[in-house]
Amino acid sequence: MATLTLHPGKEKSVLRRHPWLFSGAVAQLDGRVRPGDTVDVVSYQGRALARAAWSPASQIRARIWSFDAEETIDHAFFKRRIAAAVARRAALPELAGQQGLRLIHAESDGLPGVMADRYADTVVLQLTTAGADKWRAAIADSLHKATGCARIYERSDAEVRKLEGLDCVTGWILNTPRFPGGAKLADEVGGEDESLVIEEHGVRMAVDFVAGHKTGFYLDQRDNRRRVAELAHGRRVLNCFCYTAGFSLQALAGGAREVVSMDSSGPALAIAQRNLALNPQLDPSRAIWREADVFAELRNLCARGERFDLIVLDPPKFAHTAAHAERAARAYKDINLHALQLLAPGGLLMTFSCSGGVGAELFQKIVTGAALDAGSSTQIRTRIVQRLQGAADHPVDLAFPEGDYLKGLLLQVD
Ligand code: SAH
């Protein structure tokens, strides 16, 4: 096996169990390696530290599989790690019964570059690094063994693969014919495509795992969607960046008076409306759909003097890294400012950022700026009533703060 020697002092982050080794930390590499191969990581003084996957194309030159320098990285390693990740989720009561569940959350489950989401009888796998890519077969087999799912679909088409020099890979890894109940799920949503239906807090949602965002659904917002259901009763709700209407349908289920949902994506809105139809218990006359740019439409709503009692802002990632934080900050401020202006007295704003480059503290500062500007003429006060985060199947390893990407605030105005 090849040996990766670190520059003096660069072992510190490894000793703190951070899994990334940037190009600047690498002093030399001895031995022949191909992308994704396992290397021994040693300090400048020659102390064995860890085993990692080699990613020559990326600025993150190696990602640590194990902080036990003796641990063999083989099929059995993935089997252990994946079984443990599945068991951790099974041990949390709020996750145990979920039909849609993140099984593997990359670094925070000790598996950099590996994401796996389970939707009913199907596991959707996304591999984003050379190391993860190399172990595809072992990872898929281990997922099959740990879950019993005989349908594993790969969605390795994330942009970040380019940074690793990897092409897109999509398609079935394992596709056993469905059990009878599973087949019915697929038939119900209209046949031809592969999408399936999961239930979340009593609401049925179609998941387009072939063409949808990420692996098809934003599982990380599960708890926050439930919170919206709790808050929605009797309120007029505005759901911005609604995608397939997760928050919107929870608001309807919670008894919202009316729910206006906006997204710029026509296909997402088509699924959103199909999702509503999958739930005959929800009143479609209370749902209004707008294919629109949120930045422009919020201004239009303000200009028309519209008012809402509960607004959800769940935009896409505006900053991919800290370097883009400033531009992202302007975008966050803009939508939060206009959303706050649209709130009726006593109204609630649930606002999120999923940008890794914008930390919770910075996000709060941005929203504070928006609230100051929004309230300057009217002396309205804005209070945080709850801090929000991703669901428990998206854990954050304390040693890996980069994993803490989703943050949100529930605000209440006078
Ligand atoms: N809240 C959703 C996930 C939102 S994902 C859920 O719980 O499932 C972000 C969404 O924002 C995507 O559907 C994307 O189409 C949409 N989007 C991105 N930029 C937009 C813009 N400028 N205006 C409106 N929608 C936008």
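Residues numbered from 1 in each chain as written. Predicted model: local features only at pLDDT ≥ 70, side-chain atom pairs only at ≥ 80, totals over all residues. Heavy atoms only, no water.

1. Section: the sheet that holds strand 6 (residues 60-66)
Strand-to-strand pairing in sheets goes through backbone hydrogen bonds, with the strands running parallel or antiparallel. Within the open sheet, the six strands sit side by side as 2-6-5-4-1-3. Their pairing is mixed. Looking at strand neighbours, the two that pair on one side only are strand 2 (20-22) and strand 3 (26-30), the edges of this open sheet. Neighbour-to-neighbour, the strand axes of the sheet open up by a mean angle of 35°, direction not taken into account. Relative to strand 3, strand 1 (residues 2-6) is paired through four bridges, and the arrangement is antiparallel. Of the residues in strand 3, the one forming a bridge with L6 is V26. (Pairing = 2+ DSSP bridges. Helix = DSSP H or I, 4+ residues; strand = E, 2+ residues; numbered from the N terminus. Axes fitted to C-alpha atoms, helices over the stretch in contact; angles between N-to-C directions.)

2. Brief notes about the sheet that holds strand 18 (residues 343-353)
Strand order in the open sheet formed by seven strands is 16-15-14-17-18-20-19, and the pairing between neighbours is mixed. Because the sheet does not close on itself, it has two edges, and the strands there are strand 16 (287-291) and strand 19 (382-389). Averaged over all adjacent pairs, the angle separating strand axes in this sheet is 15°, with direction ignored. One ladder, built from six bridges, connects strand 18 with strand 20 (residues 407-413); its direction is antiparallel. Bridging from a neighbouring strand, S353 pairs with K407 of strand 20. Of the strands in this sheet, strand 15 (258-263) and strand 16 touch helix 9 (residues 266-277), which is tilted by about 170° from strand 16. Of the strands in this sheet, strand 14 (236-240), strand 17 (308-313), strand 18, strand 19 and strand 20 touch helix 11 (residues 325-342), which is tilted by about 160° from strand 18. (Contact = heavy atoms within 4.5 Å.)

3. Brief notes about the site of the ligand
Near the ligand lie 16 residues; those nearest to it are R225, D263, D293, V294 and D314. Backbone polar atom of F241 to a nitrogen atom of the ligand: 3.4 Å apart, as the coordinates give it. Starting from 580 Å² of accessible surface for the ligand in isolation, the protein chains cover 89%. Class assignment of the residues belonging to the shell around the ligand gives a composition of nine nonpolar, three polar and four charged. (Near = heavy atom within 4 Å. Polar contact = N/O pair within 3.5 Å; in protein donor to acceptor, adjacent residues only side chain to side chain. Areas by Shrake-Rupley, 256 points an atom, 1.4 Å probe, with all protein chains shown as cover. Nonpolar A, V, L, I, M, F, W, Y, C, P; charged D, E, K, R; others polar.)

4. Thoughts on the environment of V358
Within the secondary structure layout, V358 lies in the loop between strand 18 and helix 12 (360-375). In sequence terms V358 and A25 are 333 residues apart; their C-alpha atoms lie 25 Å from each other. Aside from chain neighbours lying at most four places away, what touches V358 is A319, A325, A328, Y332, S353, F363, I366 and K407.

5. Description of the state of the cysteines
Under the criterion given, the structure shown has zero disulfides. Its sulfur unpaired, C240 is 9.0 Å from the next cysteine sulfur, which belongs to C242. The class of C240 is buried, set by a relative accessible area of 0%. Lacking any disulfide linkage, C302 is separated from the closest cysteine sulfur, that of C240, by 10 Å. According to the relative accessible area criterion, C302 is partly exposed, its value standing at 22%. (Disulfide = S-S within 2.5 Å. Buried < 20%, exposed > 50% of the residue type's maximum accessible area, 1.4 Å probe, protein only.)

6. A closer look at the packing of helix 11 against helix 12
Interhelical geometry of helix 11 versus helix 12 gives an angle of 45° and a closest axis separation of 8 Å. Classed by the angle they form, the pair helix 11 and helix 12 counts as oblique. Classified by chirality, the crossing of helix 12 by helix 11 is right-handed. In this structure, helix 11 uses A325, A329, Y332, K333, N336, L337, L340 and Q341 to contact helix 12, whose residues at the interface are L362, F363, I366, V367, G369, A370, A371, D373 and A374. By residue class, the composition of the contact of helix 11 with helix 12 is 12 nonpolar, three polar and two charged. (Parallel < 35°, antiparallel > 145°, perpendicular 65-115°, else oblique. Left-handed = near helix turned anticlockwise from the far one by under 90°.)

7. Description of helix 5 (residues 136-147)
Helix length check: helix 5 (12 residues) gives 16 Å between terminal C-alpha atoms against 16 Å at 1.5 Å per residue, within 8%. By the burial criterion, the buried members of helix 5 are R136, A138, I139, A140, S142, L143 and T147. Just downstream of helix 5, G148 is the residue with a positive phi angle, here 80°. (Expected span 1.5 Å × (residues − 1).)

8. Focus: the nonpolar core
Counting residues in each nonpolar core, the largest one holds 37 residues, and the members touching the most others are Y119, I198, L249 and M350. Elements with a contribution of two residues or more to this core: strand 12 (196-200), strand 13 (203-207), helix 7 (222-231), helix 8 (246-253), helix 9, strand 17 and strand 18. Ranked by the residues each element gives to this core, the list is headed by helix 8, at four residues. Two domains each donate at least three residues to this core, and these are domain 2 (75-182) and domain 3 (214-413). The residues touching M350, leaving out its near neighbours within four places in the chain, are N224, R227, V228, L231, F247, I311, V312, L313, L388, L409 and L410. Core analysis: the next-biggest nonpolar cluster, separate from the first, contains 35 residues, L301, F308, L337 and L411 among them. (Core = buried A, V, L, I, M, F, W, Y, C linked by side-chain atoms within 4.5 Å. Domains from an automatic or database assignment.)

9. Considerations on the domain arrangement of the protein
It is common to give the size of an interface as the accessible area lost on bringing the parts into contact. Split by domain assignment, the protein resolves into domain 1 (2-66), domain 2 (75-182) and domain 3 (214-413). Using only C-alpha atoms to locate each centre, domain 2 and domain 3 end up separated by 28 Å. At the junction of the two partners, domain 2 supplies 17 residues and domain 3 supplies 15 residues. Approximately 1400 Å² of surface area, both sides summed, lies buried where domain 2 meets domain 3, with 55% of it carried by carbon and sulfur atoms. Our count for the contact surface shared by domain 2 and domain 3 stands at zero salt bridges. Of all the secondary-structure elements, those providing two or more residues to the side of domain 2 that touches domain 3 are helix 3 (93-96), strand 7 (100-105), strand 8 (114-119) and strand 9 (122-127). Per-element accounting of the side of domain 2 that touches domain 3 gives the leading share, four residues, to strand 7. Partitioned by chemical class, the residues of the side of domain 2 that touches domain 3 number five nonpolar, five polar and seven charged. (Buried area = accessible area lost by both parts, 1.4 Å probe. Salt bridge = Lys/Arg side-chain N within 4 Å of Asp/Glu carboxyl O.)

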